[in-house]
Amino acid sequence: MAYREILMELPSDQAEAWSDALLDAGALSVSVEDARAGEADEDALFGEPGMEATANAWRLSRLTALVADEAADGSAGGLAACLSEAAAALGLDAPPSYTARDLQEQDWVRLTQSQFPPMHIGEHIWVVPSWHDRTQEARDDPQSVILELDPGLAFGTGSHPTTRLCMAWLESAAADLRGGRFSRVLDYGCGSGILAIVAAKFGAVEVSGVDIDADAVTAARDNALRNHAAARFALPDELEAGQFGLVVANILSNPLKVMAGMLSQHVAPGGSLVLSGVLERQAREVAAAYAPWIALSVWRSDEGWVCLHGSKPAD
């Protein structure tokens, strides 16, 4: 079957209604994005838990809808019928200006997989999807630490700068992970479990991961099993009592500030705290929230994000 793609630009107050109407009229999928993405006047929308975003829609949205081509499948529907029905549902005589293009049938699974190639992070870390042959990475880098991880429901595949920063920090501390100083590690807000798995791969003896999302905990457990990594994952109220030589939290600045006291208490005297999910402009205020317990400073930055690190004073 062949398909056609509809593209239209709409004001923010119309995009959601057209999205729903097109789906009801038979569109196979609809996506909405900033019509000015990648341009100088792009509208960046940021929001964090506990803090409302300043806007909830782009000023101008680009709507993309996929419909079956009636010429290919012999149906009476197709692009024209879909647009006409959607417009009528919205009380309009005709749809707004749009463009359309043909999309030929192809192996969508293979196409999607091709968009997630192996990622090289730090000196020797490789994140490799399950469908990729890992022998080449191992051959090119005999010291490679290879993680098998597929894109999924839980955040954290190594593609985001904050995840890369934390992974690189863990690699820089490999000697302490193997040597005992960081033998007990906590990954708070573990998502896919990738940071906990990296810590275990570099030799940490006891690794725990915590997330408020039960689906993330399940995904992290599956990923640890797949990677033969000895790590435990749980919801916050299931976390075992005690302190850790190393606590890593890759979340966002607002929840990190709210959790400053709690996370600091999880760090053992003489232990280290590593935080990311923090924009460069937010670094000072996050460090200030932790100042009563741990002095934090910027370890490294990547694409406007920073990784903060500090050590808790020994008793």
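Counting starts from 1 at the beginning of each chain's written sequence and moves along it residue by residue. For this predicted model, a pLDDT threshold of at least 70 governs which residues receive local features, and a threshold of 80 or more governs which side-chain atom pairs are given and counted, while totals over whole chains, interfaces and linings are taken from all residues. Based on all heavy atoms of the structure, the side-chain values leave hydrogens and waters out of the count.

S.K.: Just checking my understanding: could you explain the overall build of the protein chain for this structure?
M.R.: Looking only at helices and strands, the protein chain has 12 helices and 14 strands in total. By the burial criterion, 44% of the 315 residues in the protein chain qualify as buried. Residue contacts are counted whenever heavy atoms from the two residues lie within 4.5 Å of one another. When contacts within the protein chain are restricted to residue pairs at least 6 apart in sequence, those whose partners lie at least 24 apart make up 66%. Only the protein chains shown count as cover for residues, and the accessible areas themselves come from Shrake-Rupley with a 1.4 Å probe. Total accessible area on the protein chain is roughly 16000 Å²; 51% of this is exposed by carbon and sulfur atoms. In this description a helix means any DSSP run of H or I spanning at least four residues, a strand means any run of E spanning at least two, and both kinds are numbered starting from the N terminus. Per-residue accessibility, obtained with a 1.4 Å probe over protein chains only, is compared with the maximum for each type, and a residue is labelled buried under 20%, exposed over 50%, and partly exposed between these values.

S.K.: Would you take a moment to explain the packing of helix α1 (residues 12-24) against helix α3 (residues 79-89) for this structure?
M.R.: For any two helices packed against each other, the geometry comes down to the angle between their axes and how far apart the axes lie. Note on geometry: axes are lines fitted to C-alpha atoms, helical ones only across the stretch in contact, with angles between N-to-C directions running from 0 to 180 degrees. Running from N to C, α1 and α3 point in directions that differ by 125°, and their axes come no closer than 8 Å. One element, α1, and the other, α3, form an angle in the oblique class. Considering only the axes of α1 and α3, their crossing is right-handed. Contacts between α1 and α3 pair Trp18, Ala21, Leu22 and Asp24 from the former with Cys82, Leu83, Glu85, Ala86 and Ala87 from the latter. Here the residues of the contact of α1 with α3 sort into seven nonpolar, no polar and two charged. Angular relationships are summarised with four words: roughly parallel below 35 degrees, roughly antiparallel beyond 145, roughly perpendicular across 65 to 115, and oblique for the angles in between. Take the far helix as the reference: if the near one is turned anticlockwise from it by less than a right angle, the crossing is left-handed, and if turned clockwise, right-handed. Polarity classes work like this: nonpolar for Ala, Val, Leu, Ile, Met, Phe, Trp, Tyr, Cys and Pro, charged for Asp, Glu, Lys and Arg, and polar for all others, with Gly in that last group.

S.K.: Would you mind going over the sheet that holds strand β7 (residues 145-148) with me for this structure?
M.R.: Strand pairs in the sheet, formed through backbone hydrogen bonds, run parallel or antiparallel to each other. Pairing between two strands is assigned when DSSP locates at least 2 bridges connecting them. Pairing in this open sheet of three strands is mixed, and the strands run β5-β6-β7 from one edge to the other. Edge strands, defined here as strands with exactly one partner in the open sheet, are β5 (119-121) and β7. Sheet twist, expressed as the mean angle between neighbouring strand axes with direction ignored, is 25°. With three bridges connecting them, β5 and strand β6 (residues 125-128) associate as antiparallel partners. Each bridged residue has a counterpart across the sheet, and for Met119 the counterpart in β6 is Val127.

S.K.: Is there a simple way to think about unusual backbone geometry in this case?
M.R.: Leaving glycine out, the prevailing phi sign among residues is negative, and the prevailing peptide bond configuration is trans. The phi dihedral of His228 is positive, around 55°, even though this residue is not glycine. Here His228 is to be found in the loop between α9 (214-226) and β10 (232-234). Among the residues examined, His228 registers a relative accessible area of 75% and is labelled exposed.

S.K.: Would you explain the pairing of strand β1 (residues 3-11) in this entry?
M.R.: Looking along a regular strand, one sees the side chains alternate between the two faces of the sheet. In this structure, β1 lies alongside strand β3 (residues 60-68), joined through nine bridges in antiparallel fashion. Within β3, the residue paired with Tyr3 across the bridge is Ala68. Both β1 and strand β4 (residues 99-103) contribute to a ladder of five bridges, which runs antiparallel. Paired with Glu5 across the two strands is Arg101, which belongs to β4.

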